Amino acid sequence: MKNFTLQENILALLPMWNYNIAKPLKQFLDDGISLEMYYCIQALRWYEKPMKMSELSELTKTPNGLLSSSLSNVSMIPSTGAS
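Just so we're clear, the structure is a prediction, and the values are computed from it rather than from any experiment.

**Q** Can you break down the overall build of the chain residue by residue, with the values?
**A** Secondary structure summary: the chain contains 4 helices and 0 strands in total. Buried residues in the chain amount to 19% of all 83 residues. For the chain, contacts bridging at least 24 residues in sequence account for 32% of all contacts bridging at least 6. Summed over all atoms, the accessible surface of the chain reaches about 6,800 Å², with 61% contributed by carbon and sulfur.

In structure tokens form, the structure reads like this:
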């Protein structure tokens, strides 16, 4: 019963999270970078060592095919020089 209440609270929080955190974050991303791509790039930075696509797919809970197509344009995005 306690888990159900936690789930209800999280679901109630999601719209506010989207409007107050996710949407403003999307505005700060460079053109051509989706929020999903940003999350994948951050996961690679946190992991701090080479990672197979299948490992990244598992870590981000993203299907490998979708991940491959999302990240295929990463090398075409100019670097801002910031880390």
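Here the narrative resumes, following the displayed structure.
**Q** Lay out a nonpolar patch on the surface in plain terms, naming residues and giving numbers.
**A** There is a patch of nonpolar side chains on the surface, built from Leu6, Ile10, Leu11, Leu13, Leu14, Met16, Trp17, Tyr19 and Ile21 and spanning about 930 Å² of accessible area. With respect to the helices and strands, the residue methionine 16 is situated in helix 1 (residues 2–28).

**Q** Mind laying out the packing of aromatic side chains, listing which residues take part and the relevant values?
**A** Under the defined criterion, the tally for this structure stands at 1 aromatic pair. Aromatic side chains tyrosine 38 and tyrosine 39 sit 6.2 Å apart centroid to centroid with 55° between the ring planes, which places their arrangement in the tilted category. The class of tyrosine 38 is partly exposed, set by a relative accessible area of 28%. Taking the relative accessible area as the measure of exposure, tyrosine 39 reaches 38% and is therefore partly exposed.

**Q** So what's going on with unusual backbone geometry? Residues and values would help.
**A** Of note in the backbone geometry, glutamate 48 takes a positive phi value of approximately 60° without being a glycine. Within the secondary structure, glutamate 48 sits in the loop between helix 2 (35–47) and helix 3 (53–60). Here lysine 61, not a glycine, exhibits a phi torsion of approximately 55°, which is positive. Among the secondary structure elements, lysine 61 is positioned in the loop between helix 3 and helix 4 (64–71).

Cut-offs and rules
- Residues numbered from 1 in each chain as written.
- Predicted model: local features only at pLDDT ≥ 70, side-chain atom pairs only at ≥ 80, totals over all residues.
- Heavy atoms only, no water.
- Helix = DSSP H or I, 4+ residues; strand = E, 2+ residues; numbered from the N terminus.
- Buried < 20%, exposed > 50% of the residue type's maximum accessible area, 1.4 Å probe, protein only.
- Contact = heavy atoms within 4.5 Å.
- Areas by Shrake-Rupley, 256 points an atom, 1.4 Å probe, with all protein chains shown as cover.
- Patch = residues over 30% accessible without salt bridge, like charges linked within 9 Å, V, L, I, M, F, W, Y side chains within 5 Å.
- Salt bridge = Lys/Arg side-chain N within 4 Å of Asp/Glu carboxyl O.
- Phe/Tyr/Trp six-rings, centres within 6.5 Å; stacked < 30°, edge-to-face > 60°.

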